[in-house]
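# Notes for the structure review
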Amino acid sequence: MTKEQHDFINQLAERYGAHMAQLSIRRIGDRDIALDLVRETFLIACCKADTVCTHVKPAAWLYQTLSNLTKQESEKFKREIHWDDFERISGSEDLDPSMELYLPDSLSDSDRELLLLRFRDELSHREIAQRRGISEPACRKQLSRAVQRCREALKKEMA
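Residues numbered from 1 in each chain as written. Predicted model: local features only at pLDDT ≥ 70, side-chain atom pairs only at ≥ 80, totals over all residues. Heavy atoms only, no water.

### Some thoughts on the nonpolar core
Short version of the rule: The criterion is simple. A nonpolar core is a set of buried Ala, Val, Leu, Ile, Met, Phe, Trp, Tyr and Cys residues joined through side-chain atoms within 4.5 Å. Burial here depends on accessible area, computed with a 1.4 Å probe over protein chains only, as a share of the maximum for the residue type. Under 20% is buried, over 50% is exposed, and the range in between is partly exposed. Starting at the N terminus, helices and strands are each numbered in turn, a helix being any DSSP run of H or I of at least four residues and a strand any DSSP run of E of at least two.
Met20, Phe42, Leu62, Leu115 and Cys150 are the most contacted members of the largest nonpolar core, which totals 39 residues. By residue number, the principal contributor to this core is helix H2 (residues 31-47), which donates nine residues.

### Section: unusual backbone geometry
The backbone phi angle of Glu122 is positive, close to 55°, even though this residue is not glycine. Its relative accessible area of 23% is what places Glu122 among the partly exposed residues.

### Observations regarding H2
Worth spelling out the cut-off: Here, expected helix span is obtained from the residue count minus one, scaled by 1.5 Å.
Helix length check: H2, at 17 residues, gives a terminal C-alpha distance of 24 Å against a target of 24 Å (1.5 Å per residue), a fit within 8%. By the criterion of burial, H2 is predominantly enclosed, with 14 of the 17 residues buried.

### Some points on the packing of aromatic side chains
Heads up, the rule is: The rule is short: rings of Phe, Tyr and Trp, with Trp giving its six-membered ring, pair when the centres are within 6.5 Å, and they are stacked under 30 degrees, edge-to-face over 60, tilted in between.
Tallied over the entire structure, the rule returns one aromatic pair. Residues Tyr16 and Tyr63 carry aromatic rings whose centres are separated by 6.0 Å and whose planes lie at 80° to one another, so their mutual orientation is edge-to-face. Remark: Tyr63 occurs in helix H4 (residues 58-79) and Tyr16 occurs in helix H1 (residues 3-28); sequence separation between them is 47 residues. For Tyr63, a relative accessible area of 23% translates into the label partly exposed.

See below:
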């Protein structure tokens, strides 16, 4: 991701992040999960920076991605079925398999592994939790923190 792309996505986060969080909180009903979904939206945007930064309506792309993630999350709780049964995130098959190249060097091995399992390998929180021998809520919290640390590290690298 170039510095210009990073700056552009940061501007989008500053402009739309709070509103996106409010929408997600209303739909999900759980503040922590809703904020995780917003962070996940912006991490996906970073992974697809070329697409987002050249999109005719980048804000619409963000809201659609968040909507897809939120829909998946709310359906999960309604039906209590496995993640694999959900519709995939629109365009997720286009995630760059070399995503690891975009992760900051300063990330811990644990954070790097979590992010790759979630975004490159598209594993559910449940699947990641099982692999790591932790509970699903613990996995969600660890992933949320890894996303936040990744974002902070990207900001430092681009400064």
